[in-house]
Structures are given as C-alpha cells and as structure tokens.
Amino acid sequence: MSGFVGVVVSDPSLQGQFTQVELRSLKAKFLSLKRDSGGHATTKNLPGLMKKLRGLNEVISEEEIAAHLSQSYPDADQEIEFESFLREYLNLQSRVSAKEGGGGGGGGGKTASSFLKSSTTTLLHNLNQAEKSSYVAHINTYLREDPFLKKYLPIEPTDNQLFDLVRDGVLLCKLINLAVPGTIDERAINKKRVLNPWERNENHTLCLNSAKAIGCTVVNIGTQDLVEGRPHLILGLISQIIKIQLLADLNLKKTPQLVELFDDSKDIDEVLSLSPEKMLLRWMNHHLKKAGYKKTVSNFSTDVKDGEAYAYLLKALAPEHSPETTLETKDPSERAKLVLEQAEKLDCKRYLTPKDITEGSANLNLAFVAQIFQHRNGLTSDTRQVTLNQTASRDDVLLSREERSFRMWINSLGVDSYVNNVFEDVRHGWVLLEVLDKVSPGSVNWKLASKPPIKLPFRKLENCNQVVKIGKELKFSLVNLAGNDIVQGNKKLIVALLWQLMRFNMLQLLNRLRSHSQGSQGKEITDADILKWANSKVKASGRTSQMESFKDKSLSNGRFFLELLSAVQPRVVNWKVVTKGEDDEEKKLNATYTISVARKIGCSVFLLPEDIIEVNQKMILTLTASIMYWSLQKQPQSQSETSEQSEPSSMASDAASDIASEDAASITAASEGEEVNSLSDSMSNLTTYDAISNAPPAENGNGVAG
C-alpha cells in the first residue's frame, strides 16, 4: 500500500507473530536500549528492558530472564540483534504461559475485567473455531437485513469468508453501530462495492477510533492488520464489540429492575460501579438461589462446565421449558445438550454447543448467559428505583457524560487496569498513578504505591496523596484537592483533576510534534495557539467561518468543524449531506457527522454530539486540538505558520484566558459544591493507527473524494 512503511523482519514466520504496532513499539524500545548501552544490546543489559514488556512485567523477574537468555547466549557480552530479541520475547511468553496454564479459575484483579480486556495481541495466538462460528452466527442474525451487507450474508462459518469481508471495514463499522447505536454516522462510511486502499484505510481508521469510543481495548491492533485480515486480531475485536452489545442492558440506568438484586444497605454508587460481567454473575446467582441451587457461580468457565447451574437457571426463569429430567441426568454432556434444547425455545442457543459448556469456554458461556438475560431476566417491573433516570438533575447528567468520556480515554491509553466506573475505580489511586505514568513517564514512584486489591485504607490514601503530589509538580491547579477527596469519591474534584490530566496530555503531544519539526525553538503551544491555528486553517481554505472562542455559540451548528476537517484533509467531507444547522435536528446531524469524519481521518475523540450542540468549551477545545494534532502529524508545520502562531491574537489570548481561569477555579468550585462547567466529556489520547499520511484524496462511497 502506497505510503505505508512498516518494520520488516527477514523471517516471515517471525514477522507474522506481531502486528506492525507491536513491531514498531518493540523496535523503538530496542534501539533506545542500544543507544543507552553504547550501541550494543547484550545478554547482560537486555533483561531490564524485557522485564517491562507486555506479558512479562509482574510475572517474571529480571533474574529469570537473565537465566533464560544465558542458555542461548552464555557470553554475557554477546550482542543480540533485533530478530533474536523478538524470538527470545516469544520464548519467554511461552514460558510464562506454560507456568500460568495450570493456575485454575481464580478471580484475581486482572481477570475481573477479562471480558472487555479480550486480548488483541498476536503473541501465542490460537484461533478458536467455536468462537468464530458463534460470532458469525451473531453477525448473520443481526445484520442479515442490512441494506449494504445483505448481499454478502449469510457468512459461511467454516471458511475464511468472515476475514475477507472484514477487509473493507464496512462490516466492523456496522457491528459497532449494532452494539452502541449512533456511534458511527453511516454517511461517513465508504460503501462502494470496490474500495481503493485509501478508502479502506479510512473505514478501518473510523472503525478503530469508534471501537475505542465504545470501550474496546485496541492498543495492539492497527488498520494494516485489518486490511491483511489477521484472524486472531479480528476475532478479538469482534468478540469485544459483540459482548458490549450483549451486556449493554446490565446496568441500573438501562435496567432499573436490577436493584432487586441488592439489599437496602448497598450504596447506590457501589452498585453502579459493578462491571457488566459482575452484574451478570450477581443476577445469575440471584435466580439460582431462588431455584434451590446450593453453589455460587463465580466464573463462566469451570463453575458451569457440568451444566447443572444452567439447568437450575432455566428452571427458575422458564419452568415451562424445564423438565425434571434435566436435573436428574448424571452425564454432563447429555445435561448440556438438554439445557441447550430448552434454551433454544427461548431463542438463546446460537452462541455455544454442548461441547463449549463441558469444556468451559468462558467467552461463549458469558455470551450465552447474557442472551438469556436479554430474553428473560425474571425481574419484577415495580421496583423502588424504576424512576432512577427520571430524577437525575442536569448536574448528574453532565457528570455521567464526563464519567463516560474519562473512562473511554483512560481505557484507550493502554493502562493495565480496565475502568468500569471512573468515580469508583479511581478511589484507590492506582488507576490515576497508571494514567500519570502514561502521560508523564517516570513521574510515579512505584515503590511507594500499593496495587489493588488494597485492604488497608491508609494504603489507598498513600496512593492518592502521591497522585496529588505529582499533579502539583505538573503545575495543575489543585488548591482544594487532597488525597482523601479522591478516596472518598468526590465526583466534582475527580472530574476537575482528570480534565487537567487530559489537557496536559493533549498540549504535551502537540508540543512534542512541534519540537520534532523545529528543534527546541519556540514557546510551548497554548489553548490560544490551538484556536488561532483552527481559524487560520479555515481561512486559508477559502471559507469565511471563524470562532471567537471555544464557547462561541455559533459553533453549535457544527459547520465550522466540518470546514476545518475539510481544510486539513481536502474533500473528506461530503457537503451534500451537511445541513444548514438551523434547528436542533439539523445541528445533531452535523455534530454526529463531524465526530465520525474526525475519527475517519485518524482523530481519536470521545465527545458526544451534545457537546458540540451545547458548545461545551472544554470538549470543543479537545476536538480542535485532536484535529490539529492529526494535521501536524500528517505534515509538519512550516516555519512561517509556526512564527505566526507564536504571537496569538488578542482574541485567541482572551479565549485561552477564559479556559485557564476556569481550570484554576474548577477545583475550588467543586470543593465548595458549586457547579463545574461540564469538564471534559472526552479527550483524545491523540494516537492514530497506521494512517496513510500522504495519500492523495480518494472518492468515498457517495462519489465525493475522501
């Protein structure tokens, strides 16, 4: 593909074990080690690097790595080349995998969120044919009537048709919209019968950025992997998307009746913070207890292998389809068969076979139970909290939107912890330390940090105190924030802190790009520079729209951002589908299209259409900055453009002053119980995936170049 330059390994079988994203990351770390070690990577200095790599950190010591390397390289000073380094990495992964293989089905911290942390790495991959068949059945069922896809469906599960169909990106985009309706504006999808390489790349970029925006973990997958149809990566992504769809209703906001599962002593925030799979397990055990089942199901693998729990669950939910013979059957395989025959009467069979039950396939069993919940949850309709959503104040709505965006942003950073609810999951401080380590590497003293689960309250306080200390070192405005405020879950103070973290990350990345293109010359980029850059780009494209500030009410119709996107990537916008933005409906159409077009060119953004319509100035800033970052990545600024931006106009300075003053006041306002102005529904982690930066404009599915 023209314009794509990857890391090439001489051994094709070795290259096939890694994605380009992984190869580039590993190559950069390897070269950095060589530079720091006088130009040589040896058996002696390699363990320190390998200890930090994904899959090895925290599970193997430097001493064990050194011992392993000494078997192949007895001379401690022997130089190791990059390809040998890759092979040793794979060997160590195999060793770790073998060591952990007999570990059983415990519920440690890392497995608690395994459902949404489905692996997208290529290391040690095995293609699960049973899962593939189930996902194909799901796609065939839910998308068979789609106007564009119906000519390609049903997919045959036994061959590679799925992976071939994924190559143009349309199927994955449709699947994301199925999981979270409205995520992608279909007007932004290139849907011609035959797509050129740039159109395909745009679809995959849109897909990956949208997948991140709904909560998928995609840090090890790039557009090139989708173009090549890598089966293990595609199945990992599809698995996450489908599960998000299946578990979408497993929260109190969507299904208030779930409050029936908890007693009055449970704090509502604690209930709201439960992950979807934990809520599903609680629901299942609730009905099993009522049906007389004596055990507690703690996972969707070993605890359901004998099929007995399923027999009791269906007896409780659908007694009309559950004969006593199922419970009387002694053979697990026969019982599993009878269970699925009963489930089929509820239209809940498509995800697994009797063999999948007896072998304890965790993903498929979880999907099966989620499907039962969707069809018959067995909960009463007249609960105490059915009006939960109706009583929420505007402030609660804003905080909820902010929580969603912070959650997606944090999960997109690739931190080890998976966040299900920001306000609850940051209270032990560990997640915030992980985020700080990502945006400001080396700032965290891990020797003073405690990893969850944390039983002693003062350990949580120590973590949170370190968070505040680092924040102050980074010049954040934290006048009224103490570590205990985070431990106590003060939502407004947490929001104010996270906004500053996101903004710091955004400006840091922009400054890094500028320094790469111009050396160390020039002052740091500010909010005012971002505003002026956007106005100058739109003006240079021949259009007259300008924004006075990031809270300019004229931005609510969305047209300025479409003009900006068109300015940085000519003809990416199909102006035939853009409205005048004169009423709420037209404004929403433009806003949803803006977000999808931004993701399509490579901007990783998490804001919602409402943020544009309501002109949430902090979200407007992050959207503009994300477009600027993508543009600077595509083509470094010219010296003239830089010098022009180094002297922001008074208008831009005023805009920066507005936001800066709000930043300084945000924590103070929160501590006094005042309303915080919609702090950051979203912020891009500003990472693009294999975008073809210098590709010429190409026509999209509407006959308009993109």
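Let me begin by describing the structure that accompanies this report. Small disclaimer: the values here were computed from a predicted structure and weren't measured.

With respect to the nonpolar core
Step number 1: If you look at the biggest cluster of nonpolar residues, it comprises 169 residues, and the most contacted ones within it are L162, L237, L280, W283 and M284.
Step number 2: The residues contacting L162, other than those within four sequence positions of it, are V136, I139, I155, L171, L235 and I238.
Step number 3: Counting 24 residues, the second-largest nonpolar core is a separate cluster that includes L46, M50, L56 and L90.

Considerations on helix α8 (residues 170-179)
Step number 1: In terms of burial, α8 is largely enclosed, as 9 of its 10 residues are buried.
Step number 2: Of all the positions in α8, only V170, L171, L172, C173, K174, L175, I176, N177 and A179 are classed as buried.
Step number 3: Elements in contact with the buried residues of α8: α6 (129-143), α7 (161-166), α9 (197-213), α10 (223-227) and α11 (231-246).

Thoughts on the side chain of D146
Step number 1: Mapped onto the secondary structure, D146 falls in the loop between α6 and α7.
Step number 2: According to the relative accessible area criterion, D146 is buried, its value standing at 12%.
Step number 3: Looking at D146, its side chain comes within polar contact range of the main-chain nitrogen of F148, at 3.0 Å.
Step number 4: For D146, the side chain forms a polar contact with the main-chain nitrogen of L149, separated by 3.0 Å.

Here we look at the packing of helix α25 (residues 527-540) against helix α26 (residues 559-568)
Step number 1: It is the contact of α25 with α26, at a shortest axis distance of 9 Å, that shows an interaxial angle of 70°. Between α25 and α26, the interaxial angle falls into the category roughly perpendicular. Of α26, the residues touching α25 (which contributes W533, A534, N535, K537 and V538) are F560, E563, L564, A567 and V568.
Step number 2: In terms of residue class, the contact of α25 with α26 is built from 7 nonpolar, 1 polar and 2 charged.

Digging into the environment of D159
Step number 1: Considering the arrangement of structural elements, one finds D159 in the loop between α6 and α7.
Step number 2: Residue classification places D159 among the partly exposed residues on the basis of a relative accessible area of 34%.
Step number 3: For the pair D159 and S133, spaced 26 residues apart in sequence, the C-alpha separation works out to 9.9 Å.
Step number 4: In terms of polar contacts, D159 uses its side chain to reach the backbone amide nitrogen of Q161, at 2.9 Å.

Section: a negative patch on the surface
Step number 1: Together, E582, D583, D584 and E585 give the surface a local cluster of negative charge.
Step number 2: Along the polypeptide, D583 turns up in the loop between α26 and α27 (584-601).
Step number 3: A relative accessible area of 38% means that D583 is categorised as partly exposed.

A short note on the packing of aromatic side chains
To describe a pair of aromatic rings, one takes the distance between the centres and the angle between the planes.
Step number 1: Counted by the stated rule, this structure contains 10 aromatic pairs.
Step number 2: Pairing F148 with Y152 gives two aromatic rings, centres 5.9 Å apart and planes at 55°, and the pair type is tilted.
Step number 3: What makes F148 buried here is its relative accessible area of 11%.
Step number 4: Residue class for Y152 comes out partly exposed when judged on its relative accessible area of 23%.
Step number 5: Here the aromatic rings of F476 and F504 are separated by 5.8 Å at their centres, their planes lie at 70°, and the arrangement is edge-to-face. Note that F476 is positioned in the loop between α22 (457-473) and α23 (483-487) and F504 in helix α24 (residues 491-518), a separation of 28 residues in sequence.
Step number 6: Owing to a relative accessible area of 10%, F476 belongs among the buried residues under this scheme.
Step number 7: Taken together, the aromatic side chains of F30, F82 and F85 make up a single cluster linked through ring pairs.

Thoughts on the pattern of salt bridges
Step number 1: Inspection of every chain in the model, using the stated rule, returns 20 salt bridges.
Step number 2: Among the ionic pairs, E614 bridges to R401, the shortest N-O distance being 3.4 Å. Of the two residues, E614 is situated in the loop between α28 (609-613) and α29 (617-634) and R401 in helix α19 (residues 394-412); the sequence distance between them amounts to 213 residues.
Step number 3: Note that E473 and K469 form a salt bridge whose closest N and O atoms lie 2.8 Å from each other.

Cut-offs and rules
- Residues numbered from 1 in each chain as written.
- Predicted model: local features only at pLDDT ≥ 70, side-chain atom pairs only at ≥ 80, totals over all residues.
- Heavy atoms only, no water.
- Core = buried A, V, L, I, M, F, W, Y, C linked by side-chain atoms within 4.5 Å.
- Buried < 20%, exposed > 50% of the residue type's maximum accessible area, 1.4 Å probe, protein only.
- Contact = heavy atoms within 4.5 Å.
- Helix = DSSP H or I, 4+ residues; strand = E, 2+ residues; numbered from the N terminus.
- Polar contact = N/O pair within 3.5 Å; in protein donor to acceptor, adjacent residues only side chain to side chain.
- Axes fitted to C-alpha atoms, helices over the stretch in contact; angles between N-to-C directions.
- Parallel < 35°, antiparallel > 145°, perpendicular 65-115°, else oblique.
- Nonpolar A, V, L, I, M, F, W, Y, C, P; charged D, E, K, R; others polar.
- Patch = residues over 30% accessible without salt bridge, like charges linked within 9 Å, V, L, I, M, F, W, Y side chains within 5 Å.
- Areas by Shrake-Rupley, 256 points an atom, 1.4 Å probe, with all protein chains shown as cover.
- Salt bridge = Lys/Arg side-chain N within 4 Å of Asp/Glu carboxyl O.
- Lys, Arg positive; Asp, Glu negative; His and termini not counted.
- Charge placed at Lys NZ, Arg CZ, Asp CG, Glu CD.
- Phe/Tyr/Trp six-rings, centres within 6.5 Å; stacked < 30°, edge-to-face > 60°.

All quantities given are derived from atomic positions and should not be read as evidence of function.
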